Amino acid sequence: MTVDMNKISESLTSSIVEFGNTHEVERELLEFVKVYESNTELRQTLSSESLPFENRLAVVNEIVEGSLRETKAVLSFLVAAELSAELPEIVRKIINNTASHRGANVAYVTSAKELSKEQINELKDALEKSTDRKIDVHVNVDETILGGLSVELGETSIDGTLVSRLNQIKTK
């Protein structure tokens, strides 16, 4: 069975936009994706067809306890539809879609350390100036990049991380 992730993400986006709280749902979904991507056992559990759906759903509900009902509904749907493996990609599509509803683009920034609000605002201002569009910035901290930033904005990707530079030096 071929899954049309664009249709699924558009449908889920419509529900989220209808109920509001898009920024909070985006934040909660991204937090779940961080946990999901960093935890092999969680990925295996949620994609296990031998584990009853109710058990997989209970795991999701435990992780997102206290989250908005829209967040819980999106994640429950993805697990019920056996789309756990595609979850990170679908969540990104949802976030891009909700931002588009607000007339914005999304910049996914990876940094080796937490960025201050001032640094995020400076980056946001620079991106908005260069694209002439409103930009929502989502920052992920990943100490393995050692330093610098990587920025994904639409089809454009800029990798200014220290680990990337070191790898370039190794290959020369």
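Rules used throughout
Residues numbered from 1 in each chain as written. Predicted model: local features only at pLDDT ≥ 70, side-chain atom pairs only at ≥ 80, totals over all residues. Heavy atoms only, no water. 1 Å grid on protein atoms, 1.4 Å probe; cavity = no way out; pocket = protein on both sides within 12 Å on 5 of 7 lines; lining within 4 Å. Points joined across faces, edges and corners; volume = space filled by probe spheres on them. Helix = DSSP H or I, 4+ residues; strand = E, 2+ residues; numbered from the N terminus. Nonpolar A, V, L, I, M, F, W, Y, C, P; charged D, E, K, R; others polar. pLDDT = per-residue confidence, 0-100. Buried < 20%, exposed > 50% of the residue type's maximum accessible area, 1.4 Å probe, protein only. Expected span 1.5 Å × (residues − 1). Phe/Tyr/Trp six-rings, centres within 6.5 Å; stacked < 30°, edge-to-face > 60°. Lys NZ or Arg CZ within 6 Å of the ring centre and 35° of its normal.

Volume-wise, the largest pocket comes out at about 890 Å³. Put simply, the parts of the chain that give the lining of the largest pocket at least two residues each are helix 2 (22-38), helix 6 (87-101), strand 1 (104-111), helix 7 (117-131), strand 2 (134-141) and strand 3 (148-153). With 10 residues, the top contributor of residues to the lining of the largest pocket is helix 2. Looking at the lining of the largest pocket, its residues break down into 12 nonpolar, 7 polar and 12 charged. Considered as a void within the structure, the second largest pocket measures approximately 270 Å³ in volume. Lining the second largest pocket we find 13 residues, and of these Asn 96, Val 106, Tyr 108, Leu 153 and Gly 154 sit closest to its centre. Of all elements in the fold, only helix 6, strand 1 and strand 3 reach the threshold of two or more residues within the lining of the second largest pocket. Split into classes, the residues belonging to the lining of the second largest pocket amount to 5 nonpolar, 4 polar and 4 charged.

Here the protein shows a mean pLDDT of 93. Residues at 70 or above account for 99%. Ranking the helices and strands of the protein by mean pLDDT puts helix 7 first, with 96, and helix 8 (residues 162-171) last, with 89.

Before going further, it helps to spend a moment on unusual backbone geometry. Despite not being glycine, Glu 82 has its phi angle at roughly 60°, a positive value. As for its placement among the helices and strands, Glu 82 is situated in the loop between helix 5 (69-80) and helix 6. The backbone phi angle of Asp 132 is positive, close to 60°, even though this residue is not glycine. Looking at the element boundaries, Asp 132 is found in the loop between helix 7 and strand 2. On the accessibility criterion, Asp 132 (73% relative accessible area) is exposed.

Bringing helix 2 into the picture now. Along its 17 residues, helix 2 runs 24 Å from first to last C-alpha, staying within 8% of the 24 Å computed at 1.5 Å per residue. Within the span of helix 2, buried status applies to Thr 22, Val 25, Glu 26, Glu 28, Leu 29, Leu 30, Phe 32, Val 33 and Tyr 36.

Moving on: the packing of aromatic side chains. Going through the model one piece at a time under the given rule, you end up with 1 aromatic pair. Centroid distance Phe 32 to Tyr 36: 6.5 Å. Interplanar angle 25°. Geometry classified as stacked. Linking Phe 32 with Tyr 36, this pair stays in helix 2, spanning 4 residues, or about one helical turn. Residue Phe 32 is classed as buried on the basis of its relative accessible area, which comes to 2%. The class of Tyr 36 is buried, set by a relative accessible area of 4%. A cation sits over an aromatic face here: Arg 92 above Tyr 108, 3.8 Å from the ring centre.

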